[in-house]
Amino acid sequence: MSKRLYPHNRVRYWRAYSIDEVCALFSDKGLHAQTVRKWLKNGLKCIDAGKPVLIYGNDLIVFLKQRNTQNKCKTEFHQLFCMKCQDARSAYKNQISVEQKAQFLKVNAVCRTCKKSMFKNYKLADFSALKKKFKLVDVSRLDDLTEPSDKTHLPAQGQKLGNESSQGGLFS
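Residues numbered from 1 in each chain as written. Predicted model: local features only at pLDDT ≥ 70, side-chain atom pairs only at ≥ 80, totals over all residues. Heavy atoms only, no water.

What about the overall build of the protein chain?
Part 1 of the reasoning: Looking only at helices and strands, the protein chain has four helices and eight strands in total.
Part 2 of the reasoning: Each helix (α) and strand (β) of the protein chain, taken in turn from the N terminus, gives the series β-α-α-β-α-β-β-β-β-β-α-β.
Part 3 of the reasoning: For the protein chain, the proportion of its 172 residues judged to be buried stands at 23%.
Part 4 of the reasoning: Restricting to contacts in the protein chain with at least 6 residues of sequence separation, those with at least 24 account for 47%.
Part 5 of the reasoning: With the model as given, the accessible surface of the protein chain reaches about 12800 Å², and the carbon-plus-sulfur share is 50%. (Helix = DSSP H or I, 4+ residues; strand = E, 2+ residues; numbered from the N terminus. Buried < 20%, exposed > 50% of the residue type's maximum accessible area, 1.4 Å probe, protein only. Contact = heavy atoms within 4.5 Å. Areas by Shrake-Rupley, 256 points an atom, 1.4 Å probe, with all protein chains shown as cover.)

Looking at the packing of aromatic side chains
Part 1 of the reasoning: Applying the stated criterion across every chain yields a total of five aromatic pairs.
Part 2 of the reasoning: Taking 5.3 Å as the distance between ring centres and 85° as the angle between the ring planes, the aromatic pair formed by Tyr13 and Trp14 counts as edge-to-face. Here Tyr13 matches Trp14 in class, with each residue exposed.
Part 3 of the reasoning: Plain terms: the ring middles of Phe77 and Tyr122 are 5.1 Å apart, the flat faces sit at 65° to each other, and that makes the pair edge-to-face. In this pair, Phe77 is assigned in the loop between helix H3 (57–69) and strand E3 (80–82) and Tyr122 in strand E7 (residues 117–123), connecting sequence segments 45 residues apart.
Part 4 of the reasoning: A residue is classified by how much of its surface remains accessible, and Phe77, at 34% relative accessible area, is partly exposed.
Part 5 of the reasoning: Ring-pair connections join several aromatic residues into one group, and the members of that group are Tyr6, Phe26, Trp39 and Phe63.
Part 6 of the reasoning: Directly above the ring of Phe119 sits Lys106, whose terminal nitrogen or CZ lies 5.0 Å from the centroid. (Phe/Tyr/Trp six-rings, centres within 6.5 Å; stacked < 30°, edge-to-face > 60°. Lys NZ or Arg CZ within 6 Å of the ring centre and 35° of its normal.)

Points about the pairing of E7
Part 1 of the reasoning: By the alternation rule, side chains of E7 split into Met118, Lys120 and Tyr122, which are all buried, and Ser117, Phe119, Asn121 and Lys123, of which none is buried.
Part 2 of the reasoning: Examined bridge by bridge, strand E6 (residues 104–111) and E7 share seven bridges and lie antiparallel to one another. Following the sheet pairing, Phe104 is matched in E7 by Lys123.
Part 3 of the reasoning: Counting the residues in the hairpin turn of E6 and E7 gives five residues, including Lys115, whose phi is positive at 65°. (Pairing = 2+ DSSP bridges.)

A closer look at the side chain of Arg67
Part 1 of the reasoning: Following the sequence through the fold, Arg67 ends up in helix H3.
Part 2 of the reasoning: Beyond its immediate chain neighbours, meaning those up to four positions away, Arg67 contacts Lys3, Arg4, Tyr6 and Trp39.

Describing unusual backbone geometry
Part 1 of the reasoning: Lys51 connects to Pro52 through a cis peptide bond whose omega is -5°.
Part 2 of the reasoning: Position of Pro52 among the secondary structure elements: in the loop between helix H2 (33–41) and strand E2 (54–56).
Part 3 of the reasoning: A positive phi angle is found at Lys93, which is not glycine, with a value near 55°.
Part 4 of the reasoning: Among the secondary structure elements, Lys93 is positioned in strand E5 (residues 91–100).

Dropping the structure here:
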């Protein structure tokens with residue numbers, strides 16, 4: 001099971017939280033009290049050794065930020081993240097396929113190590129750099145979406161098609 005990410009923006013830095021209150025903050029994530037106790041053993045600071053165990057919000061924010069970023073993998077421009085290898089890998093034979101979405105490019109490649117699919121998103125402006133760096137195998141729908149096309153199937157306003165009936169007399 002992968003590590004869960006707990007958003008630190010729910011925590012107020014000036015508050016002191018008990019273990020149950022921390023669990024209530026992340027109830028939608030299914031945080032258990034034993035997990036918070038494990039965090040305390042692994043470096044989360046508590047106010048003192050007394051009961052109930054209280055945790056400063058600021059200490060919880062620092063701990064969650066550190067925990068959420070420790071296992072992230074930074075990929076370079078020419079690398080994609082392989083879900084099976086759990087690491088940044090280069091594309092097999094340096095070949096990629098590109099598909100244009102609304103505001104970005106979705107790049108698909110095969111991992112050089114395990115031969116499984118990898119995906120990465122790029123900006124639309126990075127297309128020329130992708131062409132220089134990779135061998136493009138398949139390119140799907142790269143349009144200039146800023147200019148609307150004037151060649152549509154819709155007739156111009158005011159024109160009637162031959163098969164339309166005139167209903168002007170029915171409602172007057």
